[in-house]
Amino acid sequence: MTHCIAIHSYKGGTGKTTIAANTAASLAETGKKVALIDLDIYAPSLHNYFKITPKKWINDFLDNNADVEETIIDMTESIYNGKSLLGKIYAGFSNPNRDAIFKFEISNGSEYWKKQFRKLVFLREQIITKMDIDYIIIDTSPGIRHWSINALSIADKLILTMKMDDLDIEGTKKLLNEIYTTFVKFGAITYILLNRISGYCVPVTLINSPEVKTNPAHTYFKQIDSNNKLEMQNPQNVLEGLEEVTGIKYLTPLPCYCDIQFSSREFLTVVNNPNHPFSKNLQHIINEIIKE
Ligand SMILES: Nc1ncnc2c1ncn2[C@@H]1O[C@H](COP(=O)(O)OP(=O)(O)OP(=O)(O)O)[C@@H](O)[C@H]1O
Ligand SMILES: [Mg+2]
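The rules behind each value
Residues numbered from 1 in each chain as written. Chains lettered and ligands numbered in written order. Predicted model: local features only at pLDDT ≥ 70, side-chain atom pairs only at ≥ 80, totals over all residues. Heavy atoms only, no water. Helix = DSSP H or I, 4+ residues; strand = E, 2+ residues; numbered from the N terminus. Expected span 1.5 Å × (residues − 1). Buried < 20%, exposed > 50% of the residue type's maximum accessible area, 1.4 Å probe, protein only. Contact = heavy atoms within 4.5 Å. Core = buried A, V, L, I, M, F, W, Y, C linked by side-chain atoms within 4.5 Å. pLDDT = per-residue confidence, 0-100. Pairing = 2+ DSSP bridges. Phe/Tyr/Trp six-rings, centres within 6.5 Å; stacked < 30°, edge-to-face > 60°. Salt bridge = Lys/Arg side-chain N within 4 Å of Asp/Glu carboxyl O. Axes fitted to C-alpha atoms, helices over the stretch in contact; angles between N-to-C directions. Parallel < 35°, antiparallel > 145°, perpendicular 65-115°, else oblique. Nonpolar A, V, L, I, M, F, W, Y, C, P; charged D, E, K, R; others polar.

Draft legend 1. Highlighting helix 14 (residues 277-290). Helix length check: helix 14, at 14 residues, gives a terminal C-alpha distance of 20 Å against a target of 20 Å (1.5 Å per residue), a fit within 8%. Along helix 14, the positions that sit buried rather than exposed are F278, S279, L282, I285, I286, E288 and I289.

Pasting the structure below:
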């Protein structure tokens, strides 16, 4: 059976592409055949992540100009460079050219939307039947625009990534209540993943504060108020609050790692640095997801 997992968020920059690419590689390393699909139609970035310009884009497939074998490319050799691997990793890229984005963004009436959606369902079906894939991992556009919802509709597991800032939490709550409940009603399993939690990158001015000394890893530094007092928020409380309000389960939060955040370019940490705590933590999260 093929599992289809979409990584989504309310706001941009929550780590969707990073988590999608590393999850795909991590699953391939355990012997799975994985297809990583960029459905961030409005602001594609996966081609940039892999530094590739494919001959055919997903847009070509949706436009009847390519078949699935041309669109979903085997990336195993270019990632692993001759290293033997149990599984396989394929990827399909979204076209970043302005005209391609406009074409898919402009509303051409409901018939056109329906046709595009049917084609997307067909893409999923072709990946499953022609490529014998175990996991489809979908990178999506943030928010609730047309293509974000399309991407979520073809997945059976949804991971909603978020960062610890208030707007994001409020937006996420709204998204869960207004959009995700429909998918849950039709059988999708949904998780919240809090990414880039602080605590590992302690601002130098706070290193000696009692709050940091007692619990550096699980504390979110909301802000320092005008009296130089530290206001704190615990991620666990936020997640429990969200679960209570929405009924959606949460995964183990993923810390913010300075070396990843400030590196010029994160690229498949799970492959290039398997002992990094990011890789270990992500593996743990993947196990939480696939056991269901
Ligand atoms: N756990 C983490 N620790 C540190 N840095 C991270 C972590 N996760 C992601 N990042 C960094 O955060 C930045 C944004 O990540 P990414 O591009 O994956 O987000 P995104 O949700 O796909 O963004 P967009 O909505 O723009 O597509 C990148 O520089 C990435 O390296
Ligand atoms: Mg992205």
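Draft legend 2. Expanded view of the environment of I133. Within the fold, I133 resides in the loop between helix 7 (110-131) and strand 5 (135-140). For I133, a relative accessible area of 2% gives the class buried. Taking the C-alpha atoms as reference, I133 lies 5.8 Å from V34; in sequence the two are 99 residues apart. Not counting residues within four places of it along the chain, the set of residues in contact with I133 comprises T2, K33, V34, A35, Y90, I127 and I128.

Draft legend 3. Focus on the environment of L46. For L46, the location among the structural elements is in helix 2 (residues 46-49). Residues in contact with L46, not counting those within four places in the same chain, are T17, L36, I37, D38, G92 and F93.

Draft legend 4. Seen up close, the nonpolar core. Ranked by size, the top nonpolar core spans 45 residues in total, and within it I37, L39, I72, I127 and I138 carry the most contacts. Among the elements that make up this core, the one with the highest residue count is helix 9 (residues 166-185) (six residues). Not counting chain neighbours up to four residues away, the residues in contact with L39 comprise I58, L120, I138, D139, T140, S141, W147, A151 and I154. Core analysis: the second largest hydrophobic core is formed by 38 residues, Y49, F278, I286 and I289 among them.

Draft legend 5. Summary view of the confidence of the model for the protein. Within the protein, residue pLDDT values average 88, and 87% of them lie at 70 or more. Confidence over residues 216-224 falls short of pLDDT 50; this stretch has 35 contacts with residues more than four positions distant or in other chains.

Draft legend 6. Layout of the pairing of strand 7 (residues 189-197). Most of strand 7 sits out of view: seven of its nine residues are buried. Here six bridges tie strand 6 (residues 157-162) to strand 7, and the two strands are oriented parallel to one another. Bridged to L160 within strand 7 is I192. Judged from the two bridges that link them, strand 7 and strand 10 (residues 249-250) form a sheet pairing that is parallel. Bridged to Y191 within strand 10 is K249.

Draft legend 7. Broad picture of unusual backbone geometry. With phi around 65°, N64 is a residue other than glycine that occupies positive phi space. Turning to its location among the elements, N64 is positioned in the loop between helix 3 (58-62) and helix 4 (68-71). Of the residues examined, N64 reaches a relative accessible area of 52% and is grouped as exposed. Phi angles above zero are rare outside glycine, and D132 is one such case at about 50°.

Draft legend 8. Focus on the pairing of strand 5. Counting buried residues in strand 5 gives six out of six residues, a clear majority hidden from the surface. Residue alternation in strand 5 divides its side chains into two sets, Y135, I137 and D139 and I136, I138 and T140, and both sets are buried. Judged from the five bridges that link them, strand 1 (residues 3-9) and strand 5 form a sheet pairing that is parallel. Across the sheet, A6 pairs through a bridge with I138, a residue of strand 5. The sheet contact formed by strand 2 (residues 33-39) and strand 5 spans six bridges and is parallel. From the neighbouring strand, V34 faces strand 5, where its bridge partner is Y135.

Draft legend 9. Structural detail: the packing of aromatic side chains. On inspection of all chains with the given rule, the structure shows eight aromatic pairs. The interplanar angle of 75° and the centroid separation of 6.1 Å between the aromatic rings of F50 and F93 together place this pair among those described as edge-to-face. Here F93 lies in the loop between strand 4 (88-92) and helix 6 (98-105) and F50 lies in the loop between helix 2 and helix 3, a separation of 43 residues in the sequence. For the residue pair F50 and F93, the accessibility class agrees, reading buried in each case.

Draft legend 10. The pattern of salt bridges, seen in detail. Per the counting criterion, the structure on display carries six salt bridges. The residue E178 makes a salt bridge to K174 at a minimum N-O spacing of 3.1 Å. Highlighted residues: E178 and K174, both in helix 9, separated by four residues, approximately one helical turn.

Draft legend 11. Representation of the environment of A66 in the model. Looking at the secondary structure, you find A66 in the loop between helix 3 and helix 4. For the pair A66 and K56, spaced ten residues apart in sequence, the C-alpha to C-alpha distance is 6.7 Å. Once you skip the residues sitting within four places of it in the chain, A66 turns out to touch K56, D60, F61 and T71.

Draft legend 12. Representation of the packing of helix 1 (residues 16-29) against helix 14 within the structure. Taken N-terminus to C-terminus, the directions of helix 1 and helix 14 make an angle of 80°; their axes are 10 Å apart at the nearest point. Between helix 1 and helix 14, the interaxial angle falls into the category roughly perpendicular. Mapping the contact onto sequence places T18, I19, N22, T23, S26 and L27 in helix 1 and F278, L282, Q283, I286 and I290 in helix 14. Grouping the amino acids of the contact of helix 1 with helix 14 by side-chain chemistry returns six nonpolar, five polar and no charged.

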